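# Inside the fold
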Amino acid sequence: MPLANLSWRPLAELPPMWHGNVDADAWLVAARSTRASGGRLVTLWGSDRGAAGCAMTAAYATQDGLLWLDLALPPGQATYPDLAPLFPAAGRMQRAQHELLGIAAAGAVDTRPWLNHGTWPADWFPLREGSGLPPPGPAADYPFVPVTGDGVHEIAVGPVHAGIIEPGHFRFSVVGEKLLRLEARLGYAHKGIDALFARTAPEAGHRLAGRISGDSTVAYAWAYCMALENVWHVAVPPRAQWLRAVLLERERVANHLGDLGALGNDAGFAFGLTRFARLREDWLRLNGTAFGHRLLMDCIVPGGVATDLAPDAAARLLAQCDAAEAEVLRLKTIYEEHAGLQDRFLTTGRVTPPLAARLGLTGLAGRASGQAFDLRADHPLPPYDSLGTNMATHRGGDVAARVTVRFEEVLESLRLLRAMLGGLPAGAVRPAALPPARAGLGGGWVEGWRGEVFVALELAADGQRVHRCHCHDPSWHNWLALEHAVMGNIVPDFPLINKSFNLSYSGHDR
Amino acid sequence: MWNILKLMVQGTNASEPAPQEAGAEELERRRIGAELLGILGRALAIRQLDAGSCNGCELEIHALSNPYYNIEGLGIQFVASPRHADLLLVTGPVTHNMETALLRTYAAMPEPRLVVALGDCPKNGGIFGASYACRGGIARLLPVDVWVPGCPPPPLDILRGILAAVGRLKSAHTSP
């Protein structure tokens, strides 16, 4: 474990999480040694500690699990050492925490506002205790990084896109049809969810977490419940644990089916869209029948799952795995053998493995660029521990690699689903009653379909109140990588590249 | 190529009525389609606008384009420009950061224009409510013709909402 001289307090056994307090020097030493030993920055967040000032916290993923490092900032001290030179994705996270809490990275190069588009005063902080509601201000201009040179011009797109897409702004600097630079401006979907958690009862937070990014509702709800269960010492019944994994894999398959179709369509292959859209609709309908919600919202609750799976529903889920697998295998062959598709996919939107490692590219996009991390394989919870997960990886880093990884992950999820549904333990799906509330820190760390979702939960007032809940979306890292992936590509390939990542605006803006 | 053709002729093709669709849902879908065409006599153009949703509603709007609901076959298309749109389909609690874009999109639409508010969020902010970041709904900003509740509403409810809005357009036209 890096920083063996720190005193680590275990926060959870599975997945393993460790807590430690650091000073400003150790903050940087920890970051450097994590970087040097191949660890990753998962996320950064700040919290208000009242009379004690503030705290900045970093979460790193290492071979020993998740390291949760607290840096106390006493009153009067509003800065901490900048992590962006070591972990580029930290830059935007630090900018966001500055706007939410008023603590800044010392010496940061980029200090432009990120989530605040001028809608709240720059000296007012939503996450400070006792902050009243300020009057909304006028929208502020955002200084994009200019690109100059002969023939360079800008294309501005968004926040309203041409299609059924979440809001965000893209500023392309192009020469002819070649992309020199993309700069994204996000934050349009900022809903103040972090501040809202403080007004939400701990046992109801899973519903809010499940609406941070609708396409990852299972991953978020599970991560939130895991965090709460770690603080309150809730034992989740084995059957509920297995059903949670069934839900997570069904969410993964649903998203991959939708995106594989859309990827075909973005390359002019409407046949692929039609076939995959139909598969996805069948999949969502059975979700509704078996679990009561097409997108599986609110199916995971503190302590377990909301409803048990009926025996006939389990049989239908199993049968659907077989039907879907046969069709996906046929479509995989068609995608692989289609010269027109492969011509668009291959070498397009490339993130090389060294660049991916530098930027911290995560999740399925990371695995398509040689970043072989998957929590289901690295720190497996039941039932993944007994079933094993074959991680899909590729070193191509292009759209083709992300398509391949998605196909492989669908097939692996179908294998896992069959094994889970065939081996579901008997018993209750939630405890008769939750144990008494208690205060403390807890983390939830789940491999969602897009990548790792992490929820940090701090409960106060004997565990009756959420003091701070920070929910991290893998899109924070991958939006940054997307800007690199498009460089040198042609403008018309942007939608295809973007779809191959399919990042969450809402999950990022939060 | 042979694989594609084989799949197309294998009888599982999308243009056929799907086996699960023989029931009431499919009949209603067809009735909605016929009514829409009867009222408009042309394609209905929709500009969808995400005013800060969680993206759940967008997933269900996307589902309308799948072969089961086949929304384009019903004479409804999603358009890129609000200047081509008859109907604004809004999701989300209206974040402050999206308020200007929402108002400008509406202002760019030709009259008569319809507004359908989709999901629980536009009503009052839904689970996100009103805050420093959220307007807490669309009602004080735009005139809404039809509210479609749900989190998110299933595709058939979205279709019903669109039809109800078009029905209002028709009654506005025929009344003196």
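Residues numbered from 1 in each chain as written. Chains lettered and ligands numbered in written order. Predicted model: local features only at pLDDT ≥ 70, side-chain atom pairs only at ≥ 80, totals over all residues. Heavy atoms only, no water.

### Notes on the overall build of chain A
A count of helices and strands for chain A gives 17 helices and 15 strands. When its C-alpha atoms are laid out on the principal axes, chain A stretches across 70 × 65 × 45 Å. Sequence separation of 24 or more characterises 69% of the internal contacts of chain A that already satisfy a separation of 6 or more. In the structure as shown, chain A presents an accessible area of about 17,200 Å², 56% of it carried by carbon and sulfur atoms. Across chain A, 46 positive and 51 negative side-chain charges occur, with their mean positions spaced 2 Å apart. (Helix = DSSP H or I, 4+ residues; strand = E, 2+ residues; numbered from the N terminus. Contact = heavy atoms within 4.5 Å. Areas by Shrake-Rupley, 256 points an atom, 1.4 Å probe, with all protein chains shown as cover. Lys, Arg positive; Asp, Glu negative; His and termini not counted. Charge placed at Lys NZ, Arg CZ, Asp CG, Glu CD.)

### Concerning the side chain of B:His96
Its place among the elements puts B:His96 in helix 4 (residues 96-107). Take B:His96: its relative accessible area is 13%, and that puts it in the buried class. (Buried < 20%, exposed > 50% of the residue type's maximum accessible area, 1.4 Å probe, protein only.)

### Side note on the packing of helix 7 (residues 270-291) of chain A against helix 8 (residues 311-337) of chain A
Residues and elements named next belong to chain A. Look at helix 7 against helix 8: their axes get within 11 Å of each other, and the N-to-C directions meet at 170°. Here helix 7 is positioned roughly antiparallel relative to helix 8, judged by the angle of their axes. Between helix 7 and helix 8, the residues in contact are Phe271, Gly272, Arg275, Phe276, Leu279, Asp282, Trp283, Leu286, Thr289, Ala290 and Phe291 and Ala313, Arg316, Leu317, Gln320, Ala324, Glu327, Val328, Leu331, Ile334 and Tyr335, respectively. Taken together, the residues of the contact of helix 7 with helix 8 break down into 14 nonpolar, three polar and four charged. (Axes fitted to C-alpha atoms, helices over the stretch in contact; angles between N-to-C directions. Parallel < 35°, antiparallel > 145°, perpendicular 65-115°, else oblique. Nonpolar A, V, L, I, M, F, W, Y, C, P; charged D, E, K, R; others polar.)

### A closer look at the domain arrangement of chain A
Often, the extent of an interface is quoted as the loss of accessible area on bringing the components together. Entries for chain A in the domain assignment read domain 1 (9-106), domain 2 (152-185) and domain 3 (193-509). Centre-to-centre, using C-alpha coordinates, domain 1 of chain A lies 32 Å away from domain 2 of chain A. (Domains from an automatic or database assignment.)

### What about empty space enclosed by the protein?
Taken as a whole and assessed by the stated rule, the structure comprises seven cavities of 30 Å³ or more. There is about 100 Å³ of room inside the largest cavity. As for the largest cavity, its lining consists of 13 residues, of which A:Leu375, A:Leu381, A:Trp445, A:Val446 and A:Glu447 are closest to the centre. Among the elements of the structure, helix 5 (217-232), helix 12 (375-378) and strand 13 (440-447) of chain A are those that each provide at least two residues to the lining of the largest cavity. It is strand 13 of chain A that contributes the most residues to the lining of the largest cavity, three residues altogether. For the lining of the largest cavity, a count of residues per class yields 10 nonpolar, one polar and two charged. Computed from the structure, the second largest cavity encloses a volume of approximately 70 Å³. As for the second largest cavity, its lining consists of A:Gly214, A:Asp215, A:Glu251, A:Ala254, A:Asn255, A:Arg280, A:Leu284, A:Asn287, A:Leu295, A:Leu296 and B:Leu59. Looking at the lining of the second largest cavity, the elements with two or more residues in it are helix 6 (238-266) and helix 7 of chain A. Here the lining of the second largest cavity is built from residues that sort into five nonpolar, three polar and three charged. (1 Å grid on protein atoms, 1.4 Å probe; cavity = no way out; pocket = protein on both sides within 12 Å on 5 of 7 lines; lining within 4 Å. Points joined across faces, edges and corners; volume = space filled by probe spheres on them.)

### Description of the sheet that holds strand 13 of chain A
All names here are of chain A. Spatially, 13-14-15 is the arrangement adopted by the three strands of the open sheet, whose pairing is antiparallel. Every other strand in the sheet has two partners, leaving strand 13 and strand 15 (465-472) as the edge strands with one partner each. Each adjacent strand pair in this sheet contributes to an overall mean axis angle of 15°, direction not counted. Across eight bridges, the pairing between strand 13 and strand 14 (residues 452-460) is antiparallel. (Pairing = 2+ DSSP bridges.)

### A few points about the interface of chain B and chain A
In this complex, chain B contributes 52 residues to the contact, which on the side of chain A involves 60 residues. A combined buried area of about 4,300 Å² lies between chain B and chain A, and 62% of that area is made up of carbon and sulfur atoms. The interface formed by chain B and chain A contains one salt bridge. Two residues, A:Arg294 and B:Glu60, come together in a salt bridge whose shortest N-O distance is 2.5 Å. The tally of links from chain B across to chain A stands at 23 residue pairs in polar contact (both at pLDDT 80 or more). Secondary-structure elements contributing two or more residues to the side of chain B that touches chain A are helix 1 (2-9), strand 1 (44-50), helix 3 (56-63) and helix 4 of chain B. Of all the elements, helix 3 of chain B adds the most residues to the side of chain B that touches chain A, at seven residues. (Buried area = accessible area lost by both parts, 1.4 Å probe. Salt bridge = Lys/Arg side-chain N within 4 Å of Asp/Glu carboxyl O. Polar contact = N/O pair within 3.5 Å; in protein donor to acceptor, adjacent residues only side chain to side chain.)

### Comments concerning helix 3 of chain B
With seven of eight residues buried, helix 3 of chain B lies mostly within the body of the structure. Here helix 3 of chain B has its buried residues at B:Gly56, B:Cys57, B:Glu58, B:Leu59, B:Glu60, B:Ile61 and B:Ala63.

### Digging into the environment of A:Gly264
Residues and elements named next belong to chain A. Note that Gly264 resides in helix 6. For the pair formed by Gly264 and Thr389, sequence separation is 125 residues and the distance between their alpha carbons is 27 Å. Residue contacts for Gly264: discarding those within four places in its chain leaves Phe269, Tyr335 and Leu341.

### Structural notes on the sheet that holds strand 5 (residues 146-148) of chain B
Residue and element names in this part refer to chain B. The strand order 2-1-3-4-5 describes an open sheet built from five strands, whose pairing is parallel. At either end of the open sheet lies a strand with only one pairing partner, and these are strand 2 (76-78) and strand 5. On average, adjacent strands in this sheet sit at an angle of 25° to one another, irrespective of strand direction. Pairing of strand 3 (residues 87-91) with strand 4 (residues 114-118), which is carried by five bridges, proceeds in the parallel orientation.

### A look at the side chain of A:Arg239
Residue and element names in this part refer to chain A. Secondary-structure assignment places Arg239 in helix 6. Among the polar contacts listed, one links the side chain of Arg239 to the backbone oxygen of Pro425, at a separation of 2.9 Å. If sequence neighbours within four positions are ignored, Arg239 has contacts with Asp308, Leu309, Leu424, Pro425, Ala426, Gly427, Ala428 and Val429.

### Some thoughts on the pairing of strand 2 (residues 17-22) of chain A
All names here are of chain A. In terms of strand pairing, strand 1 (residues 9-12) meets strand 2 through three bridges, oriented antiparallel. Pairing of Arg9 across the sheet is with His19, part of strand 2. The hairpin formed by strand 1 and strand 2 contains four residues between the paired strands.

### Overview of unusual backbone geometry
Most of the time, phi is negative for any residue but glycine, and the peptide bond is trans. Residues and elements named next belong to chain A. Of note, the bond from Gly158 into Pro159 is cis; its omega dihedral lies within 30 degrees of zero at 15°. Between Pro382 and Pro383 the backbone carries a cis peptide bond, its omega angle lying at 0°. With respect to the helices and strands, Pro383 occurs in the loop between helix 12 and helix 13 (384-387). With phi around 50°, Ala461 is a residue other than glycine that occupies positive phi space. Checked against the element boundaries, Ala461 lands in the loop between strand 14 and strand 15. Here Ala461 falls in the partly exposed class, since its relative accessible area comes to 45%. Of note in this structure, Asp462 is not a glycine but carries a positive phi near 55°. On the secondary structure map, Asp462 appears in the loop between strand 14 and strand 15.

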